[in-house]
Amino acid sequence: MDTLITHIHRLCQIRPAGNEHIAGSAMDDLPEIENAWLLVKGGRIDSFGAMADCPDSAGINTINATGRLVLPAWCDSHTHLVFAAPRDGEFVDRIRGLSYEEIARRGGGILNSAARLNAMDEAELYDQSLERLYRVARQGTGAIEIKSGYGLCLQGELKMLRVIRRLKENTPFTIKASFLAAHAYPPEYRQNKTAYVDLIINEMLPVVAGEGLADYMDVFCEEGFFGVPETERLLAAGWKYGLPPKIHANQLHYSGGVQVGVKHKAISVDHLECVGDAEIESLKMGNTMPVLLPGAAFFLGMHYQPARKIIDAGLPVCLATDYNPGSCPSGNVPLLLSIACTQLKMTPNEAINAVTVNGAAAMELAHELGSVAVGKRANLIITNKMENQSYIPYDYGNCPVHQLLIDGKQI
Ligand code: NIG
Ligand code: FE
């Protein structure tokens, strides 16, 4: 079915095809047409322009978007949306003074989530995850990356990855899967960490890759978790099976994660609370996307990522939610935009570029999502009535989405 959207107050994020990511000072620009139309054919953006040249709407499904903005659906490139249970008990422990790392050392944190996940059957895990996926879609997310990493054993990791595959098959959203068995050491491997890395490389990776269950290889590269030498082994093994890296780096310490990610040609390095000059220089040498997860810094009460320093160095910045039960139990992109603007001092245009075109790039989807361009898929947000896009992060805590179109169809 063709759909014509008319009288769009502002059609935002118009980019020439082939514009794969936006970096540096260009991030403060969000090219737009005021008083615009857009025609969707076969699920893709067929054409668009100013209302003065609007095609005849007779016989075409028409949406009147008077007073509303139209912009690309959010591309959330880092989530752990498949999980079994909340961890609100640990939330209270942290309020009372325990740190995220202390909770992890006591066997809570990721290990707590792994115990719950391994005890849950796949059907229940799928149902819960599906509900979460539609909840974030109501807030405008149209493409999303989801990680394993709460199994920490072959069966548990496969269960998570199969749930992700079913979400891909049964919903209209674009989903990428990352294999994150290297998220924490299971208790039985605490005294023999090398054996767990061996297990991932020799036993898990061949099955995961053989069944085509993952698009990326992920590692939590961090002191107390997986160090640089282990990360190097894991990333090299991932590449051997055709899985490029997208890794957790520099969340809690200057761990060398950024440098090892760039060295191994990671698609992205994510978190980046701890970024100094050496990390910036390393990022400048490669094509790895820096992905900031300020929702986790907010929820853990940590210092925020130095977005200004990264953008002012001429680099791109991507933002993602990190939706997970421990460090960020929210997949709400509009709220993420508010945090990015108020705490990281990103401008609304920079923040929106970071979750649209750069979010698509961090999932290797920029050729078909993340901007308004002829031929791209019509994954579009039609907003509530508002004057301009700055209102989205300004109106914090509220949802700006009036309608979400995925491949031109209303969700
Ligand atoms: O991205 N930092 C590592 N992993 C997740 C959180 C995992 C958890 O606490 O369950 C993150 O913050
Ligand atoms: Fe994460």
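Predicted model, so just to flag it, every value in this text is computed and none were measured.

Visitor: Please clarify how a nonpolar patch on the surface should be interpreted in this entry.
Guide: Taken together, the side chains of Phe91, Val92 and Ile95 define a hydrophobic patch exposed on the protein surface, amounting to about 260 Å² of accessible area. Residue classification places Ile95 among the exposed residues on the basis of a relative accessible area of 60%.

Visitor: So what exactly am I meant to see when it comes to the packing of aromatic side chains here?
Guide: A ring pair, where both rings are aromatic, is described by two values, the distance of the centres and the angle of the planes. Tallied over the entire structure, the rule returns nine aromatic pairs. Seen in terms of ring centroids, Phe83 and Tyr323 are 6.0 Å apart; in terms of plane orientation they differ by 75°. Their pairing is edge-to-face. Note that Phe83 is positioned in the loop between strand E6 (74-76) and helix H1 (88-95) and Tyr323 in the loop between strand E13 (318-319) and helix H12 (333-343), a separation of 240 residues in sequence. Here a set of aromatic residues connected by ring pairs shows up, and it is made of Tyr185, Tyr189, Tyr196 and Phe226.

Visitor: Would you mind showing me how to read the side chain of Asp270 here?
Guide: Note that Asp270 resides in strand E11 (residues 268-271). Notably, Asp270 is buried but unbridged: the nearest opposite-charge side chain belongs to Lys246, and the N-O separation is 4.2 Å. At 2.8 Å, the side chain of Asp270 forms a polar contact with the side chain of His78. Every residue in contact with Asp270, bar those within four places of it in the chain, is listed here: Ser77, His78, Lys246, Ile247, His248, Ala249, Val291 and Leu293.

Visitor: Looking at this structure, I do not really get the site of ligand 1. What am I missing?
Guide: Taken together, 15 residues surround ligand 1, and among them Arg87, Tyr100, Tyr150, Gln251 and Ser327 come closest. Within the side chain of His80, an N or O atom sits 3.4 Å from an oxygen atom of ligand 1. In the environment of ligand 1, a nitrogen atom lies 2.8 Å from a nitrogen or oxygen atom belonging to the side chain of Gln251. Burial of ligand 1 by the surrounding chains reaches 100%, relative to a free accessible area of 330 Å².

Visitor: Explanation requested: the coordination of the iron ion (ligand 2) in the structure shown.
Guide: When a metal carries six donors in an octahedron, the ideal angles between them are 90 or 180 degrees, while four donors in a tetrahedron ideally lie at 109.5 degrees. Looking at the iron ion (ligand 2), the protein donor atoms are His78 (NE2), His80 (NE2), His248 (NE2) and Asp322 (OD), and they sit 2.1 to 2.2 Å from it. Each donor residue of the iron ion (ligand 2) belongs to the same chain, with the gaps between them written as H-x1-H-x167-H-x73-D. With His78 in the loop between E6 and H1 and His248 in strand E10 (residues 246-249), this pair connects stretches of sequence that are 170 residues apart.

Visitor: Which parts of the structure should I look at to understand the environment of Val219?
Guide: By the element assignment, Val219 lies in strand E9 (residues 216-221). What makes Val219 buried here is its relative accessible area of 0%. It is 8.4 Å that separates the C-alpha atoms of Val219 and Phe179, two residues lying 40 residues apart in sequence.

Visitor: Whenever I open this one, the pairing of strand E12 (residues 289-292) confuses me. Can you help?
Guide: On any regular strand, side chains alternate: one points to one face of the sheet, the next to the other face. Side-chain alternation along E12 places Met289 and Val291 on one buried face and Pro290 and Leu292 on a second face that is also buried. Here E11 pairs with E12 via four bridges, running parallel. Bridge assignment links Val269 to a residue of E12, and that residue is Pro290. At this point the chain moves from E11, through helix H9 (residues 277-285), to the parallel E12, and the crossover so formed is right-handed.

What counts, and where the lines are drawn
Residues numbered from 1 in each chain as written. Chains lettered and ligands numbered in written order. Predicted model: local features only at pLDDT ≥ 70, side-chain atom pairs only at ≥ 80, totals over all residues. Heavy atoms only, no water. Patch = residues over 30% accessible without salt bridge, like charges linked within 9 Å, V, L, I, M, F, W, Y side chains within 5 Å. Areas by Shrake-Rupley, 256 points an atom, 1.4 Å probe, with all protein chains shown as cover. Salt bridge = Lys/Arg side-chain N within 4 Å of Asp/Glu carboxyl O. Buried < 20%, exposed > 50% of the residue type's maximum accessible area, 1.4 Å probe, protein only. Phe/Tyr/Trp six-rings, centres within 6.5 Å; stacked < 30°, edge-to-face > 60°. Helix = DSSP H or I, 4+ residues; strand = E, 2+ residues; numbered from the N terminus. Lys, Arg positive; Asp, Glu negative; His and termini not counted. Polar contact = N/O pair within 3.5 Å; in protein donor to acceptor, adjacent residues only side chain to side chain. Contact = heavy atoms within 4.5 Å. Near = heavy atom within 4 Å. Donors = N, O, S within 2.8 Å, 3.2 Å for Na, K, Ca; no water. Pairing = 2+ DSSP bridges. Right-handed = clockwise from strand over helix to strand, strands pointing away.

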